[in-house]
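Fold and contact review
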Amino acid sequence: MNNTYELPLDEAGYAFGFMDEYAKKEVRRAILKAICIPGYQTPYASREMPMGRGFGTGGLQLTLSLVGADDTLKVIDQGSDDSVNAVNLRQFVQMTCPGVEVTEKTEAATLIQSRHRIPEKPLTEAQILVLQVPYPDALVVVEPSEARRKTMHGEADYSRLLVKLYEDIVKFDEITISHRYPTRIHGHYIIDPSPIPRWDVPKLHQSKALILLGAGREKKIYAVPPYTLAEPLAFEDVVFSVEDFRDALGNRRTCSRCGAADSFLDEFSDETGKKIYQCSDSAYCNERLASEKTA
Amino acid sequence: MGYVAIKGGKAAIEGAAAATDMLRAGSEYAEPLVLDAIEGQLRLLVSRVVSEGGLYHPKLAALAIKQFQGDTLEAAFALRAYRSTKPRLLETPPQNTAHMRVIRRISSAFKDIPGGQMLGPTYDYALRLLDLGLVDENPEDFRAIARRFLADAPDSELPDSFPKVLDALRAEGLLPPLKPVAGAPFDITRQPLIFPVPRAAALATMARAETGSLLAIAYSNMRGYGDVHPTIAELRVGYVPVMLPHPVTGEPMEVGEVLMTECEVVAMFEGDEHGSRPTFTLGYGACFGHNEVKAISMAILDRALQKGMTDGATNPSEDPEFVLLHVDGVDSMGFASHYKMPHYVTFQSDMDRLRTTQTKTGNDTARQKDSV
Amino acid sequence: MTAMTDLTALSIWQAHTQQRLFRRLLEAFAYPGRLLDAADSGTTARLAILATLLDGEVDLADPHGLIAPEDGLRLMTSAAAPEQARFVVADAARAPDFTPTQGSLESPEFGATLLLEVEQLGTGSPLLLTGPGIAAQTRLAVQGLHPEWIARRADWVSAYPLGVDIILCDATHFAALPRTTQIIREAL
């Protein structure tokens with residue numbers, strides 16, 4: 001025991017982007033391979049971050065390895081910039097990456113980190129979307145062993161997954177998968193697209209922007225490159241369908257705040273118990289409200 | 001047209017920080033904890049955090065325990081996150097635990113061993129009766145304890161190190177000879193685990209694993225979901241000198257020491273595939289700090305996993321994927337905690353599925369009623 | 001996709017430069033065939049790319065001796081044979097005389113990344129490209145790429161997901177050809 005040791009009391013000097021440069025390099029190499037093998041879960045060593053595993057450390061490591069002082073960052077959770085987790089992550093990036101701008105406007109962002117939603121507004125080639133992933137592997141529902149899953153993925157052997165979907169249909173007359181809808185990328189790997197609703201799955205297909213998915217705890221990075229096939233699993237007679245926002249009379253519900261009839265709606269009850277529907281994408285909602293005011 | 005305010009996340013986080021700090025500070029008459037007191041009087045807690053954090057820094061571990069109000073999972077997490085920010089300067093050559101300056105060293109395999117059974121600081125044979133005398137401990141009496149112990153300590157010097165019990169077993173041919181392993185050890189902080197993994201990866205993962213997780217799985221093996229049947233050849237606790245080559249002369253020099261616990265268990269004997277004479281098999285456990293239950297659990301699991309990797313797993317404790325992917329405290333607590341985060345979009349999607357399915361089932365029932 | 005911030009006077013061995021260079025590499029791989037600029041890095045595109053991507057965790061083969069010894073030291077990579085290395089740097093004017101590793105079915109990411117030095121990008125024979133990252137088709141003109149590379153690459157990427165991924169670079173620019181990119185060579 002070193003009795004002369006003194007704790008340094010000054011703030012620990014963190015590098016730009018918190019992670020050390022070797023950690024970033026490993027992530028960057030994994031990102032490039034992930035793009036070259038669309039949908040393949042590329043393993044990486046995944047450093048611990050100051051927020052818990054499950055709180056977006058995978059997405060965060062992607063963002064920290066990508067971000068530079070030229071970037072404008074948007075962080076959302078459940079579609080909202082103000083959700084506690086999004087606030088926490090955004091503040092962390094601002095703290096560790098001086099010079100990086102932040103925004104709530106989707107179109108102003110060069111880098112978007114998101115949990116469970118893809119923004120309603122279509123992305124452009126000048127943007128990168130980073131999705132936070134709890135379960136990277138669509139096959140985990142039929143096979144607990146990762147080693148066996150890797151073989152199945154390599155051979156594109158998804159028969160057991162298709163059987164599971166078929167069993168659902170026999171039992172319920174429906175594919176009961178709600179979010180994390182298995183989607184085939186570039187005709188080979190089936191991915192878990194992260195817990196985005198089915199509403200957002202079509203946005204993966206032929207996207208103009210690069211989409212990166214990061215699982216920190218599971219230590220995987222995968223990608224849906226731009227202009228790439230992204231086909232949600234379906235059968236000839238049971239097609240893929242998105243969430244149904246129609247009321248009992250068959251009318252499409254609208255956002256009680258901005259009136260949108262084309263966005264994913266959050267449903268909750270107000271104090272009187274009355275059901276309220278609002279845009280999950282808060283930036284989309286705000287923009288519509290703002291343009292209504294000026295109109 | 002009413003609407004829900006969608007601002008307030010930042011204020012909520014700030015409020016949460018203020019509330020936890022309030023609870024930490026308690027009454028305005030309380031005294032803040034001194035790190036020395038935590039490091040000294042809660043040394044086993046500090047040992048646990050140092051081990052699970054994977055960073056030998058007892059003072060920072062004491063700080064983490066203070067900051068996170070005694071939550072070992074959070075404290076280990078904080079140490080691990082701190083470690084993430086430190087660049088690696090170099091890797092030491094393998095350190096020899098035979099040079100450990102032991103404070104405790106026992107063997108269950110033999111009645112007596114060269115150097116002797118040194119019970120050292122242990123609660124193994126203490127009575128677990130609450131000592132109410134500690135409630136209002138007199139500071140003078142407290143300070144006298146160490147003084148008295150050192151004054152009463154015998155003058156005769158203990159040897160600097162003690163021989164390894166296993167070396168005697170090896171000399172007799174009861175254990176296979178040590179085989180040098182080529183190449184650098186697997187670095188779990190740099191490479192992801194892609195199964196099958198080498199034994200070094202399993203040991204490194206377990207060395208910083210969460211104690212309860214290791215214990216539960218090892219216990220399952222002890223109770224019958226496995227057949228290690230271990231005997232502890234040696235358990236030693238002490239300070240291992242960290243030797244580095246001198247930058248100019250290349251001579252090994254001691255640059256510091258780390259408190260470690262090491263446990264070697266001897267398990268069922270088995271024959272070699274090549275038909276040569278059977279020997280005992282070995283399980284090895286080692287970790288930072290004074291953590292005996294952890295080291296024992298680790299040694300048992302090391303043996304179980306080696307068996308699983310050669311013969312295939314017949315029990316969860318023998319399955320490397322099952323064990324190694326579920327014992328890291330930072331990973332497991334993080335994921336357990338993440339369920340507290342908003343999941344309302346996914347839940348919305350779930351409700352949509354259930355409602356659609358219910359409607360379909362409702363329609364079928366109605367149709368059936370009509371047709372009867 | 002990225003603002004072309006001038007990198008002059010910054011070193012390719014520094015964090016901020018590597019971040020900016022990486023973003024251009026990312027664009028090159030996300031949009032194959034697109035030409036990206038490394039002229040402002042103050043050194044060759046080849047070295048700028050290697051400095052950005054490589055460190056002591058990976059190995060590099062340099063069968064044609066394109067890397068100066070002092071740069072080799074700074075890269076910190078270990079040396080390996082071109083048949084095993086994760087990264088290979090080669091002179092594209094010479095026909096390939098090795099088969100790089102293409103990974104395995106379980107681990108296709110171990111397929112090598114080849115950095116091929118050509119005479120000029122943007123002029124010369126146009127390659128017609130299609131595949132992920134390309135809206136319909138795109139053209140990449142290359143001068144000084146031995147046709148054997150294209151022929152051998154077709155073999156190496158024929159068993160997707162196995163394959164190799166290629167970065168073409170001249171002195172100042174680079175473009176990427178992931179294994180998923182299909183090259184439909186235009187008739188001359």
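Residues numbered from 1 in each chain as written. Chains lettered and ligands numbered in written order. Predicted model: local features only at pLDDT ≥ 70, side-chain atom pairs only at ≥ 80, totals over all residues.

1. Here we look at the overall build of chain A
For chain A, the helix and strand inventory stands at six helices and twelve strands. A compact globule built from 295 residues should have a C-alpha radius of gyration of about 19 Å, and chain A, at 21 Å, falls within 12% of that. With the C-alpha coordinates of chain A rotated into their principal frame, the extents come out at 75 × 55 × 40 Å. Taking the intrachain contacts of chain A between residues at least 6 apart in sequence as the baseline, contacts between residues at least 24 apart amount to 60%. (Helix = DSSP H or I, 4+ residues; strand = E, 2+ residues; numbered from the N terminus. Rg over C-alpha atoms; globule rule 2.2 N^0.38 Å. Contact = placed C-beta atoms within 7 Å.)

2. Describing the nonpolar core
If you look at the biggest cluster of nonpolar residues, it comprises 185 residues, and the most contacted ones within it are Ile 211 and Leu 212 of chain A, Ala 61 and Leu 301 of chain B together with Ile 49, Leu 168 and Phe 174 of chain C. Each residue touching Leu 168 of chain C, except ones within four places of it in the same chain, is listed here: Leu 116, Val 118, Leu 121, Val 142, Phe 174, Ala 175 and Leu 177 of chain C. Listed in part, the nine residues of the second largest apolar core include Trp 199, Phe 264, Ala 283 and Tyr 284 of chain A. (Core = buried A, V, L, I, M, F, W, Y, C linked by C-beta atoms within 7 Å. Buried ≥ 20, exposed ≤ 12 C-beta atoms within 10 Å, placed from the backbone.)

3. Things to note about the interface of chain C and chain A
Between chain C and chain A, the contact holds 32 residues from the first and 33 residues from the second. Here the side of chain C that touches chain A takes ten residues from helix α1 (residues 15–30) of chain C, the largest share from any one element. Class assignment for the residues of the side of chain C that touches chain A results in 18 nonpolar, six polar and eight charged. (Nonpolar A, V, L, I, M, F, W, Y, C, P; charged D, E, K, R; others polar.)

4. Quick word on the interface of chain B and chain A
The interface is formed by 45 residues belonging to chain B together with 55 residues belonging to chain A. Of all the secondary-structure elements, those providing two or more residues to the side of chain B that touches chain A are α1 (9–25), α5 (72–84), α12 (329–338) and α13 (344–371) of chain B. The element best represented in the side of chain B that touches chain A is α13 of chain B, accounting for eleven residues. Each residue belonging to the side of chain B that touches chain A can be placed in one class, and the counts come to 18 nonpolar, 16 polar and eleven charged.

5. Brief notes about the sheet that holds strand β1 (residues 36–37) of chain C
All names here are of chain C. One open sheet accounts for seven strands, arranged β1-β9-β8-β5-β4-β2-β3; its pairing is mixed. Edge positions in the open sheet fall to β1 and β3 (78–79), since each of these has one partner strand only. In terms of strand pairing, β1 meets strand β9 (residues 173–177) through two bridges, oriented antiparallel. Bridged to Leu 36 within β9 is Phe 174. (Pairing = 2+ DSSP bridges.)

6. Side note on the domain arrangement of chain A
Many analyses report the size of an interface as the accessible area lost when the parts associate. Residues and elements named next belong to chain A. Its domain assignment divides chain A into domain 1 (21–232) and domain 2 (244–295). One C-alpha centre belongs to domain 1, the other to domain 2; they are set 26 Å apart. Listed as interface residues are 14 residues of domain 1 and, on the opposing side, seven residues of domain 2. Of the residues belonging to the side of domain 1 that touches domain 2, the class tally is three nonpolar, four polar and seven charged. (Domains from an automatic or database assignment.)

7. Describing α12 of chain B
Within α12 of chain B the residues assigned to the buried category are Gly 329, Val 330, Asp 331, Ser 332, Met 333 and Gly 334 of chain B. Those residues of α12 of chain B that are buried are in contact with α3 (43–53), α5 and α9 (211–223) of chain B.

8. Description of the environment of Gly 120 of chain B
Residue and element names in this part refer to chain B. Along the chain, Gly 120 falls in the loop between β1 (101–106) and α6 (139–152). For Gly 120, a count of 14 C-beta atoms within 10 Å puts it in the partly exposed group. Not counting residues within four places of it along the chain, the set of residues in contact with Gly 120 comprises Ile 103, Arg 104, Arg 105 and Val 237.

9. A closer look at the packing of helix α3 (residues 84–96) of chain A against α1 of chain B
Look at α3 of chain A against α1 of chain B: their axes get within 8 Å of each other, and the N-to-C directions meet at 80 degrees. As the angle between them shows, α3 of chain A and α1 of chain B are arranged roughly perpendicular. Counted together, Val 84, Ala 86, Val 87 and Asn 88 of chain A of α3 of chain A and Gly 9, Lys 10, Ala 12 and Ile 13 of chain B of α1 of chain B form the full contact between these two elements. Across the contact of α3 of chain A with α1 of chain B, the residue classes break down as five nonpolar, two polar and one charged. (Axes fitted to C-alpha atoms, helices over the stretch in contact; angles between N-to-C directions. Parallel < 35°, antiparallel > 145°, perpendicular 65-115°, else oblique.)

10. Observations concerning the pairing of β9 of chain C
Residues and elements named next belong to chain C. Among the five residues of β9, four are classified as buried, and the element is accordingly described as predominantly covered. One ladder, built from four bridges, connects strand β8 (residues 165–169) with β9; its direction is antiparallel. Directly across from Ile 166, in β9, lies its bridge partner Leu 177. With antiparallel pairing between neighbouring strands as the criterion, β8 and β9 make up a hairpin whose turn holds three residues.

11. Structural notes on unusual backbone geometry
A cis amide bond links Phe 195 of chain B to the next residue, Pro 196 of chain B, at an omega of 0 degrees. Its place among the elements puts Pro 196 of chain B in the loop between α7 (165–171) and α8 (199–207). Residue Pro 161 of chain C is reached from Tyr 160 of chain C by a cis peptide bond, and omega for that bond is 10 degrees. With respect to the helices, strands and loops of the structure, Pro 161 of chain C is situated in the loop between α4 (147–156) and β8. In this structure, Arg 180 of chain A takes a positive phi of about 55 degrees despite not being glycine. For Arg 180 of chain A, the location among the structural elements is in the loop between α5 (159–172) and β6 (183–185). One non-glycine residue, Met 76 of chain C, lies in positive phi territory at about 65 degrees.

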